[in-house]
Amino acid sequence: MLSTLVTKPAFGLLFSHLKTGASKFVSSTAKMSAQKNYETLAVTIPHEFVYHVELNRPEKLNAMNLTMWSEIGKCFENLDNDENCRVVVLSAAGKIFTAGLDFKQVFLKMGPELADLDVARKAKVISTSLRSFQKSITSIELCKKPVLTAIHSACVGGGLNLIAAADIRYCSKDAWFQLKEVDIGMAADVGALQRLPKIMNSDSFVRELCYTARKVEAPEALSSGLVSRVFEDKESLIKGAIDTAQDIAKKSPVAVQTTKVGLVYARDHSVQDGLDQIASWNQLMLQSEDFMNAVVAQASKQKDVVFSKL
Ligand SMILES: CCC/C=C/C=C/C(=O)SCCNC(=O)CCNC(=O)[C@H](O)C(C)(C)COP(=O)(O)OP(=O)(O)OC[C@H]1O[C@@H](n2cnc3c(N)ncnc32)[C@H](O)[C@@H]1OP(=O)(O)O
């Protein structure tokens, strides 16, 4: 297929095309889009195309209050649409990654709201809240930019549901994970039960964690496939995550985003359905300038190809 697309006469044309793409890119990099200000999240841009989102309620152990649930959803929807963002590092400020659901705030607020309602109305209110929490976490998966989570210290309950929706998980040596929902009398309902069995390498181990709420320390998180790398401390963890993010940010955004969509789709469908899906996408994406530019760069051993924003 490459040989038919990249014929010899096409080469000169492709090189001029490459230059056009690069100049277009350089002229527009100055216009870095400003990210919205959030109350519970801090968003920074450590390198071009690399965004760093931090859970930012350190004084409350980054417990996930209603504002944080809502802002996570909005933030990842914004990042999905932000052409200056190609990859996201998700970490947390302060002593721990997160204490999970802010049960003090959430249940205190919901209690009075439900008090005078009958069972059907109560169920409707609870269902609406649950679905909005689910949507918030799923926004990480629906964001076409790869999301790398960097977890330090405690990652409890809702936090484990949150990181399960990310693409790549790294942690520091002091990290521990706990699916604590059963300890507060509920089944996890924002993605852990659905995603962990597809992430970790032992169904038996996942079930043990879900039923017992026991803590999983970093070595076990690594051996079970929950995380793919363990770093010495938080500083090297964040650096390692940002280094990987920078590698991804240099690639064609068309290639990377199509790959993420394909992987997420393939996880939930048959092999044949996945093959059909990626064929449909690539019948478009192989016509993009990124494909041409990357092929020419490979063929001519050119490094540091500059891809236009997407
Ligand atoms: C229903 C919607 C869908 C979502 C569902 C999600 C469910 C979940 O997330 S279940 C898990 C809920 N989280 C917990 O059960 C964690 C409980 N906390 C702890 O285990 C410890 O606090 C922790 C290990 C995280 C940290 O321990 P540390 O010794 O460092 O701190 P503490 O002295 O225990 O706590 C300090 C103060 O923070 C308050 N706090 C801790 N966690 C939460 C929380 N999740 N929500 C609200 N507040 C929390 C704790 O009560 C202390 O407060 P105070 O006594 O006023 O100082």
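Since the structure is predicted, the reported quantities are computational estimates derived from the model, not experimental observations.

Topic: the overall build of the protein chain
Working step 1: The helix and strand inventory of the protein chain stands at 13 helices and nine strands.
Working step 2: Within the protein chain, the fraction of its 310 residues that count as buried is 36%.
Working step 3: Of the contacts made within the protein chain by residues no fewer than 6 positions apart, 73% connect residues no fewer than 24 positions apart.

Details of the packing of helix α3 (residues 66–81) against helix α5 (residues 119–142)
Working step 1: Between α3 and α5, the least distance of the axes is 8 Å, while the angle of their chain directions is 25°. Overall, the two elements α3 and α5 adopt an arrangement that is roughly parallel. Of the two possible hands of crossing, α3 and α5 adopt the one that is left-handed. Contacts between α3 and α5 involve W69, S70, I72, G73, F76, E77 and D80 from the first element and F133, K135, S136, S139, I140 and L142 from the second.
Working step 2: Of the residues belonging to the contact of α3 with α5, the class tally is six nonpolar, four polar and three charged.

Brief notes about the environment of T258
Working step 1: Assignment of secondary structure puts T258 in helix α11 (residues 253–267).
Working step 2: Along the primary structure T258 and W281 are separated by 23 residues, whereas in three dimensions their C-alpha atoms are 7.3 Å apart.
Working step 3: Residues contacting T258, with those up to four places away along its chain left out, are W281, N282 and M285.

Describing the confidence of the model for the protein chain
Working step 1: Of the residues in the protein chain, 89% reach a pLDDT of 70 or more, and the chain-wide mean stands at 90.
Working step 2: Contacts for the low-pLDDT stretch residues 1–34, under 50 throughout, to residues beyond four places or in other chains number 29 contacts.
Working step 3: Prediction confidence for the complex, expressed as pTM and ipTM, is 0.90 and 0.98 respectively.

Some thoughts on the sheet that holds strand β7 (residues 176–178)
In a beta sheet, neighbouring strands pair by backbone hydrogen bonds and run either parallel or antiparallel.
Working step 1: Ordered by their spatial adjacency, three strands build an open sheet running β5-β7-β8, and the pairing between neighbours is mixed. Unpaired on one side and paired on the other, β5 (154–156) and β8 (216–217) mark the two borders of the sheet.
Working step 2: Across three bridges, β5 lies against β7 in parallel orientation. Note that in β7 the partner of A154 across the bridge is W176.

Structural notes on the site of the ligand
Working step 1: In the vicinity of the ligand, 20 residues are found, and the nearest of them are A99, G100, L101, G157 and G158.
Working step 2: Only α4 (103–115), α5 and β5 provide two or more residues apiece to the shell around the ligand.
Working step 3: Taken together, the residues that form the shell around the ligand break down as 12 nonpolar, three polar and five charged.

Section: the pairing of strand β6 (residues 168–172)
Working step 1: Buried residues dominate β6, accounting for five of its five residues.
Working step 2: Burial along β6 is two-sided: I168, Y170 and S172 facing one way and R169 and C171 facing the other are all buried.
Working step 3: Of the pairings in the sheet, the one linking strand β4 (residues 147–151) to β6 comprises four bridges and is parallel in character. When the sheet's bridge partners are listed, T149 is paired in β6 with R169.
Working step 4: Sheet analysis places β6 next to strand β9 (residues 229–231), joined by three bridges and oriented parallel. Note on β9: the bridge partner recorded for S172 is F231.

Re the nonpolar core
Grouped burial of nonpolar side chains is what soluble globular proteins tend to show.
Working step 1: With 68 residues, the main nonpolar core has V88, V89, L148, C155, Y170, A241 and A245 as its most contacted residues.
Working step 2: Top element by residues in this core is helix α10 (residues 234–249). It accounts for seven residues.
Working step 3: Not counting residues within four places of it along the chain, the set of residues in contact with L148 comprises V89, A166, D167, I168, Y170, A241, T244 and A245.

Thoughts on the domain arrangement of the protein chain
Working step 1: For the protein chain, the assigned domains are domain 1 (1–31 + 252–310) and domain 2 (32–250).
Working step 2: Facing 11 residues of domain 1, the contacting portion of domain 2 comprises 12 residues.
Working step 3: Examining the composition of the side of domain 1 that touches domain 2, we find that seven residues originate from one element, α11, more than from any other.
Working step 4: Split by residue class, the side of domain 1 that touches domain 2 holds five nonpolar, two polar and four charged.

Digging into unusual backbone geometry
Working step 1: Positive phi is not limited to glycine here, since F49 has a value of about 75°.
Working step 2: For F49, the position within the fold is in the loop between β1 (41–47) and β2 (50–55).
Working step 3: According to the C-beta neighbour criterion, F49 is buried, with 23 such atoms within 10 Å.
Working step 4: Phi is positive for K301, which is not a glycine, with a value near 55°.

What counts, and at which threshold
- For every chain, the first residue of its written sequence is number 1, and the numbers climb from 1 along that sequence.
- Per-residue local features of the predicted model are confined to residues with pLDDT of at least 70, and side-chain atom pairs are confined, for both listing and counting, to 80 or more; whole-chain, interface and lining totals are unaffected and use all residues.
- A run of H or I in DSSP counts as a helix once it spans at least four residues, and a run of E counts as a strand once it spans at least two, with each numbered from the N terminus.
- With C-beta atoms placed from the backbone, a residue counts as buried when 20 or more other C-beta atoms lie within 10 Å of its own, as exposed when 12 or fewer do, and as partly exposed for counts between those limits.
- Throughout, a residue-residue contact means that the two C-beta atoms, derived from backbone geometry, are no farther apart than 7 Å.
- Only C-alpha atoms enter the line fits that serve as axes; for helices the fit covers just the stretch in contact. Angles between N-to-C directions range over 0 to 180 degrees.
- The scheme is simple: roughly parallel for angles under 35 degrees, roughly antiparallel for over 145, roughly perpendicular for 65 to 115, oblique for anything else.
- Here a crossing is called left-handed whenever its near helix is offset anticlockwise from the far helix by less than a right angle, and right-handed whenever the offset is clockwise.
- Gly is placed with the polar residues, together with every amino acid not listed as nonpolar (Ala, Val, Leu, Ile, Met, Phe, Trp, Tyr, Cys and Pro) or charged (Asp, Glu, Lys and Arg).
- Note: pLDDT gives the predictor's confidence per residue, expressed from 0 to 100.
- Note on pairing: two strands pair once DSSP finds at least 2 bridges between them.
- Defining nearness, a residue is near a molecule or strand when the C-beta atom obtained from its backbone falls within 6 Å of it.
- A set of buried residues qualifies as a nonpolar core if it consists of Ala, Val, Leu, Ile, Met, Phe, Trp, Tyr and Cys joined through C-beta atoms within 7 Å.
- Boundaries of every domain are those given by an automatic assignment or by a domain database.

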